[in-house]
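Commentary on secondary and tertiary structure
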Amino acid sequence: MDRLQVIIGNLLRIGVYASISIAALGGIIFLLHHGNQQAAYTAFKGIPDYAQPAHVFGNILHLKGGAIIQAGIMLLIATPVFRLIFSAVGFVIEKDHLYTFITLLVLGIITFSMLSGYAG
Amino acid sequence: MTILIFTLILFLGAYAAGFLGSLTGLGGGFVIIPLLTILLHVDIHYAVGASLVSAIATSSGSAAAYVKEGITNMRLGIFLEIATTIGAFIGALVAVYISAHYIALLFGFILIASSIISLRKKENHINTKKSYLADKLKLDGEYPDGDTHIPYKIANVGGGFFLMMLAGMVSGIIGIGSGALKVVVMDGLMRIPFKVSTTTSNFMIGVTAAASAVIYLQRGYIDPGVCMPVVIGVVLGAITGSKILVKTQSSNLLKWLFAGIIFLLAVQMIYRGLSGQI
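Computed from a predicted structure; not experimentally measured.

When you go through chain B residue by residue, the secondary structure sums to 11 helices and two strands. Seen in sequence order, chain B has helices and strands lined up from the N terminus as α-α-α-α-α-α-β-β-α-α-α-α-α. Summarising its shape, the C-alpha atoms of chain B cover approximately 60 × 45 × 30 Å along the three principal directions. For chain B, the proportion of its 278 residues judged to be buried stands at 61%.

This part takes up the UniProt feature "transmembrane region" (unreviewed entry) in chain B. Residue and element names in this part refer to chain B. Mapped onto the present numbering, the UniProt feature "transmembrane region" (unreviewed entry) falls on residues 32-57, 78-96, 102-119, 161-181, 201-218, 225-244 and 256-274. Annotated as residues 32-57, this span is 85% helix and 0% strand, and its ends, taken at the C-alpha atoms, are 13 Å apart. The span residues 225-244 is 100% helix and 0% strand, and its two end C-alpha atoms sit 30 Å from each other.

Turning to the layout of surface pockets, a few remarks are in order. Each pocket or cavity is described by its volume, and for the second largest pocket that value is around 330 Å³. Considering the residues around the second largest pocket, the lining is formed by 18 residues, among which Gln5 of chain A together with Gly70, Thr72, Asn73 and Glu142 of chain B are closest to the centre. When residues in the lining of the second largest pocket are grouped by element, the largest group, three residues, is from strand E1 (residues 141-145) of chain B.

The next thing to look at is empty space enclosed by the protein. Inspection of the entire model under this criterion finds one cavity of 30 Å³ or more. Space inside the largest cavity adds up to approximately 40 Å³. Lining the largest cavity are Leu12, Pro80 and Arg83 of chain A together with Ser60, Ala63, Phe203, Gly206 and Val207 of chain B. Secondary-structure elements contributing two or more residues to the lining of the largest cavity are helix H3 (65-93) of chain A together with helix H3 (44-69) and helix H9 (194-219) of chain B. The dominant element in the lining of the largest cavity, judged by the number of residues it contributes, is H9 of chain B, at three residues. Of the residues belonging to the lining of the largest cavity, the class tally is five nonpolar, two polar and one charged.

This part covers the side chain of Ser178 of chain B. All names here are of chain B. With respect to the helices and strands, Ser178 occurs in the loop between helix H7 (157-174) and helix H8 (179-189). Its relative accessible area of 3% is what places Ser178 among the buried residues. Within the structure, the side chain of Ser178 is placed 3.1 Å from the backbone oxygen of Ala167, a separation counted as a polar contact. Those residues within four positions of Ser178 in sequence are excluded, and the remaining contacts are Ala167 and Ser171.

Residue and element names in this part refer to chain B. Taking 1.5 Å of rise per residue, the 23 residues of helix H11 (residues 252-274) would be expected to cover 33 Å, and the 33 Å separating its terminal C-alpha atoms lies within 8% of that figure. When we look at burial in H11, the residues that qualify are Lys255, Phe258, Ala259, Ile262, Leu265, Ala266, Met269, Ile270, Arg272 and Gly273. Of the residues one or two after H11, Gly276 is the one with positive phi, at around 75 degrees.

All names here are of chain A. On the UniProt side, "transmembrane region" (unreviewed entry) is annotated at positions that read residues 12-32, 67-86 and 98-119 here. Here residues 12-32 runs as 100% helix and 0% strand, with 31 Å between its end C-alpha atoms. Helix makes up 100% of residues 67-86 and strand makes up 0%, while its end C-alpha atoms are separated by 28 Å.

In this assembly, 64 residues from chain A lie in contact with 60 residues from chain B. Carbon and sulfur atoms make up 72% of the surface buried where chain A meets chain B, a total of about 5,400 Å² over both sides. For chain A, the biggest contributors to the area lost against chain B are Tyr41, Phe44 and Ile77 of chain A; these three give 14% of the whole. Among the salt bridges present, the one from Glu94 of chain A reaches Arg75 of chain B, with a minimum N-O distance of 3.4 Å.

Here we take up the pattern of salt bridges. Any two side chains of opposite charge can pair if their charged atoms end up close together. The final tally for this structure, using the stated rule, is six salt bridges over all chains. A salt bridge links Asp135 of chain B to Lys130 of chain B; the nearest nitrogen and oxygen atoms lie 3.8 Å apart. Through salt bridges that share partners, Glu94 and Asp96 of chain A together with Arg75 and Lys138 of chain B make up one connected network.

So, how was this worked out
- Residues numbered from 1 in each chain as written.
- Chains lettered and ligands numbered in written order.
- Predicted model: local features only at pLDDT ≥ 70, side-chain atom pairs only at ≥ 80, totals over all residues.
- Heavy atoms only, no water.
- Helix = DSSP H or I, 4+ residues; strand = E, 2+ residues; numbered from the N terminus.
- Buried < 20%, exposed > 50% of the residue type's maximum accessible area, 1.4 Å probe, protein only.
- UniProt positions renumbered as here; feature names shortened; annotations may be inferred.
- 1 Å grid on protein atoms, 1.4 Å probe; cavity = no way out; pocket = protein on both sides within 12 Å on 5 of 7 lines; lining within 4 Å.
- Points joined across faces, edges and corners; volume = space filled by probe spheres on them.
- Nonpolar A, V, L, I, M, F, W, Y, C, P; charged D, E, K, R; others polar.
- Polar contact = N/O pair within 3.5 Å; in protein donor to acceptor, adjacent residues only side chain to side chain.
- Contact = heavy atoms within 4.5 Å.
- Expected span 1.5 Å × (residues − 1).
- Buried area = accessible area lost by both parts, 1.4 Å probe.
- Salt bridge = Lys/Arg side-chain N within 4 Å of Asp/Glu carboxyl O.

This is the structure in structure tokens:
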């Protein structure tokens, strides 16, 4: 498990640094374009269309600041999920069938949660 | 208020929260929701989304170090993640139907409970009694202490699993890591040594939060303009905090101070929830 621990530790660290760097980059573009507008978060009205998960990647190509931030945040949310995938591979290599199954089960719950969110 | 000013205030607040959170071990998310809702009048749904995302950032950052040192019990963490992700999924679904002032109330009470839990005296007890389930699930482990490794056994797996589901639900409803709740279950009920329970709880927060964040993302709780300064601020603050932590070992006074701040914020949130201002 020792090597896996090092890999997972590094993976978590890289995931966090990469995602906040992307969010910071998007943040600068966002502020250059929208910095002078009024902040309007007092009432809940969802998020702008460009920041919807399905539209994020198209809008990155248009260098839309908000979409780049959202991509960074989506990478951050995906970081623990990558961690699960790596541990599943680790358990397969160790021939630990019980924990391969348990890890896949957790991944399945998150996937189910994601799909049910789309349906809701 | 312009977006630029809003971003700057939020960034400084989040930096302070991350700094104090890592210095005291209480986590930074607690300050984010009151900061957004009470001070900046942001809708609580955006606040919950930003707070949850910042919990993923801080927990993954600090979990990285503990995992490498081999203190974290990864099997135990992944096993209990079955419970916390199911709970987080239910919590995020339920959150949609709970009105804002109930979320504020629940947040206030959890905040008070968590600050009391974190102030408790920490005794590192080692359980050596074997239990059937822990043995079958290969949950028992050992942790490094200086040059030696200290083995320990885990008790009450079933009860712990059930309570973890509740901790996951709380996390999904109010958008916090609920690390203090996880620690109290592992420490008190499952009799896991303190060093292991705190680091394993931290390890679990990211996956737990991801299970509800995927729902929040689609429901529009995670707004880029709100999350960006919060996440960057909290992470930078936590890095500063962890650097200082290495130099000054004990920070008892700070811990009490921070717990005091949290208590006042909790009372504010409860008051606003009751009077319908949130």
